[in-house]
Number of protein chains: 2
Amino acid sequence: MQNRQILLKSRPVGIPQPEHFELKSASVPEPKDGEFLVENHVLSVDPAQRGYVNDENNYAPPVPIGAVMRAMAVGKVVASKCADVRVGEFLYGWFGWQDYCVGTRASILRRVDPAQAPLTTAAGVLGINGLTAYLALHDIGRPKAGETVLVTAAAGAVGSIVGQLARKAGARPIAVVGSDDKGRQCCDEYGYAGFINYRQPLEPALRTLCPKGVDVFFDNTGGEIADIVIRQMALFGRVIQCGTMSIASWVPPPTGPRNDREILTRRLRIEGFVIFDHLARYDETAAALATMLKDGSLRHAEDVRTDIAQAPQALVDVYSGRNNGKMVIRLRWAAVDDRWSQLQRA
Amino acid sequence: MQNRQILLKSRPVGIPQPEHFELKSASVPEPKDGEFLVENHVLSVDPAQRGYVNDENNYAPPVPIGAVMRAMAVGKVVASKCADVRVGEFLYGWFGWQDYCVGTRASILRRVDPAQAPLTTAAGVLGINGLTAYLALHDIGRPKAGETVLVTAAAGAVGSIVGQLARKAGARPIAVVGSDDKGRQCCDEYGYAGFINYRQPLEPALRTLCPKGVDVFFDNTGGEIADIVIRQMALFGRVIQCGTMSIASWVPPPTGPRNDREILTRRLRIEGFVIFDHLARYDETAAALATMLKDGSLRHAEDVRTDIAQAPQALVDVYSGRNNGKMVIRLRWAAVDDRWSQLQRA
């Protein structure tokens with residue numbers, strides 16, 4: 001039994017490319033006391049991974065050169081010397097881009113009930129993406145009925161959920177996307193009331209679609225789009241700083257127009273959101289989202305690839321918007337999934 | 001009886017200078033139904049006045065050319081055709097840089113009890129400056145015991161109060177000032193635990209005085225100082241955007257390093273504060289501050305000038321830091337003040 005692993009080969013500046021990684025095979029490790037061995041089924045591919053490998057200002061130390069690429073994954077416990085982790089259960093945690101991972105309790109983000117929803121959802125709509133959408137929108141954005149909620153990367157794994165949750169709250173979500181196709185998808189499937197293709201002039205489009213200004217700005221991209229949106233915020237608007245995908249590199253520090261005066265005169269509240277601060281609320285939030293999935297009121301899309309060797313390219317694709325929904329690498333198929341595919345066919 | 005008035009003569013770009021104003025004399029107007037006539041005793045001089053005359057992004061339309069300079073003032077009602085405004089009472093409101101003003105109920109910010117504290121305090125520590133310090137620090141900053149609170153323009157009318165209130169909350173206030181003299185004043189009189197002269201390299205001074213980072217940044221200046229402080233914030237730090245005094249001009253829009261990534265990774269909350277949003281809480285807040293003045297636990301400084309013709313220069317002095325505490329122009333002396341000066345001499 002071999003353990004295929006994607007290792008970080010060299011440190012990228014800006015967006016990591018396939019040449020910064022290499023695929024190697026190692027032996028499957030043995031868990032020691034307090035540890036367990038997980039067999040990964042679904043690897044997560046996330047924009048935040050760029051931050052894990054860059055030597056920039058981040059919320060965690062960078063992945064060392066030669067180490068397995070840091071990633072979340074959903075896996076099945078196949079051996080355990082950890083008191084409260086049982087063989088056969090499914091976990092969502094820091095298991096890396098590899099087949100097998102030895103973990104400890106600290107590696108676990110959430111225990112996954114495979115009867116709750118298909119396994120891939122645990123890495124996406126019921127994983128950090130859906131949890132981020134739900135908690136950041138409600139904690140920071142607090143959209144009220146009739147308010148306008150503008151979302152960047154709106155067709156993405158987070159944005160597609162934000163639109164639907166904003167609509168459920170009675171607000172008017174507007175999508176910012178990189179293509180008209182994605183914009184139409186946002187309106188047809190994700191509850192958005194309109195979309196702006198950021199390749200067109202943004203300011204007039206904003207004035208047309210958000211005539212009373214933007215009350216809640218759910219920002220996944222930062223940069224020049226955010227510069228323009230900030231200047232179209234309504235009084236007492238809330239800005240959720242959730243990601244900076246549009247900034248190619250933080251070295252040297254990029255500059256932009258100063259926002260001090262906008263923040264003051266518009267009485268804005270800008271707040272950074274990192275989902276890993278909210279671990280204690282994952283289960284209740286995932287349960288709320290799972291209920292919406294079951295009753296059909298929440299849609300989600302997954303871009304499922306199956307070859308571990310393609311993980312680095314999948315990350316590049318996420319950064320260039322060449323994904324359709326949450327990007328995951330599906331390594332193996334669990335018996336429990338058969339029931340879900342039967343349900344979906346029914 | 002003449003009404004001396006400071007009129008706006010031409011529209012400044014950046015900080016207004018004396019040549020943008022002129023002193024003229026007009027006749028004293030008569031109040032109509034619903035109006036009252038106030039005789040100004042104390043004129044307020046505030047950094048925010050620059051925003052009132054600039055044609056920039058602001059929270060109120062600019063003062064028209066030829067109009068009386070917009071300003072807050074404390075005055076005595078000398079005639080009234082307004083049902084609930086009595087002759088003889090003192091008001092704090094939008095009465096302009098002039099001797100006499102016809103006002104309506106909408107011009108009143110707060111009714112002043114001259115027995116509560118000396119009249120000048122109504123324009124400063126019990127006026128928007130003290131109210132701003134109290135409400136912005138507690139609403140947005142929410143300093144906890146042991147936290148570090150960094151304050152720019154710390155020796156000013158707002159900053160001098162913030163330091164003392166932060167200290168009362170058990171936090172550790174650090175002053176950012178433009179001279180060592182002001183810094184020593186902050187430490188000796190306003191409760192600050194240390195000071196940084198911003199004319200010295202800021203980053204090493206911050207690392208020394210705020211080794212665990214800045215938890216609350218009460219920012220009255222914006223600009224390059226803020227750029228450096230943002231990068232020294234502690235996780236979950238709060239930034240109160242209360243003023244942008246250090247920015248010489250907003251036309252063309254000045255640029256600076258992008259803060260998106262700092263906001264995200266440090267989970268900052270940045271919020272704009274404008275005191276005029278909180279009118280309903282002025283009385284209770286002023287009463288709380290007046291209690292501290294009476295029991296001697298709150299100090300304040302006033303820079304009192306007496307010539308209305310000097311008002312424009314006084315504003316320039318505020319911008320260049322050549323003031324010592326709250327800048328006011330004292331036009332006349334009320335009988336009620338005699339008691340306070342007797343008390344102070346006692």
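Predicted, not measured: the structure shown is a model, and the values here were computed from it.

Quick look at the environment of Arg 281 of chain A now. For Arg 281 of chain A, the location among the structural elements is in the loop between β14 (269-272) and α8 (282-294). For the pair Arg 281 of chain A and Arg 110 of chain A, spaced 171 residues apart in the sequence, the C-alpha separation amounts to 10.0 Å.

Within the open sheet, the 12 strands sit side by side as β10(A)-β9(A)-β8(A)-β11(A)-β12(A)-β14(A)-β14(B)-β12(B)-β11(B)-β8(B)-β9(B)-β10(B). Their pairing is mixed. Edge positions in the sheet fall to β10 (194-197) of chain A together with β10 (194-197) of chain B, since each of these pairs with one other strand and no more. Averaged over neighbouring strand pairs, the angle between their axes works out to 15 degrees when direction is ignored. Sheet topology note: the strand β11 (residues 214-219) of chain A/strand β12 (residues 233-241) of chain A ladder contains five bridges and is parallel. In the strand pairing of β12 of chain A, Asp 219 of chain A is matched with Gln 241 of chain A. Lying on the sheet, helix α5 (residues 202-209) of chain A is in contact with β8 (148-152), β9 (172-177), β10 and β11 of chain A; it crosses β10 of chain A at an angle near 170 degrees.

Turning our eyes to something else, we now look at unusual backbone geometry. Of note in this structure, Arg 267 of chain A is not a glycine but carries a positive phi near 50 degrees. Examined against the element boundaries, Arg 267 of chain A turns out to sit in the loop between α7 (260-265) and β14. In the Ramachandran plot, Ala 153 of chain B falls in the positive-phi region, its phi being about 50 degrees despite a non-glycine side chain. By secondary structure assignment, the location of Ala 153 of chain B is in the loop between β8 (148-152) and α3 (159-168). Of the residues examined, Ala 153 of chain B reaches a relative accessible area of 25% and is grouped as partly exposed.

This part takes up the pairing of strand β7 (residues 108-112) of chain B. Consecutive side chains of a regular strand alternate in pointing toward one face of the sheet and then the other. Residue and element names in this part refer to chain B. When you tally the buried positions in β7, you get four out of five residues, the bulk of the element. Judged from the four bridges that link them, strand β5 (residues 90-93) and β7 form a sheet pairing that is antiparallel. Bridging across to β7, Phe 90 finds its partner in Val 112.

Across the contact, 35 residues belong to chain B and 35 residues belong to chain A. Counting the surface lost from both chain B and chain A, the interface buries some 3,200 Å², and carbon and sulfur atoms represent 55% of this. Taken as a group, Arg 258, Arg 261 and Leu 264 of chain B account for 25% of the area that chain B buries against chain A, more than any other trio of residues on that side. Applying the counting rule to chain B against chain A returns four salt bridges. Among the ionic pairs, Arg 267 of chain A bridges to Asp 277 of chain B, the shortest N-O distance being 2.7 Å. Counting across the chain B and chain A interface gives 16 residue pairs in polar contact (both at pLDDT 80 or more). Of all the secondary-structure elements, those providing two or more residues to the side of chain B that touches chain A are α6 (223-230), β12 (233-241), β13 (255-257), α7 (260-265) and β14 (269-272) of chain B.

Criteria and cut-off values
- Residues numbered from 1 in each chain as written.
- Chains lettered and ligands numbered in written order.
- Predicted model: local features only at pLDDT ≥ 70, side-chain atom pairs only at ≥ 80, totals over all residues.
- Heavy atoms only, no water.
- Helix = DSSP H or I, 4+ residues; strand = E, 2+ residues; numbered from the N terminus.
- Pairing = 2+ DSSP bridges.
- Axes fitted to C-alpha atoms, helices over the stretch in contact; angles between N-to-C directions.
- Contact = heavy atoms within 4.5 Å.
- Buried < 20%, exposed > 50% of the residue type's maximum accessible area, 1.4 Å probe, protein only.
- Buried area = accessible area lost by both parts, 1.4 Å probe.
- Salt bridge = Lys/Arg side-chain N within 4 Å of Asp/Glu carboxyl O.
- Polar contact = N/O pair within 3.5 Å; in protein donor to acceptor, adjacent residues only side chain to side chain.

Take it as geometry only, folks, not as evidence of what the structure does.
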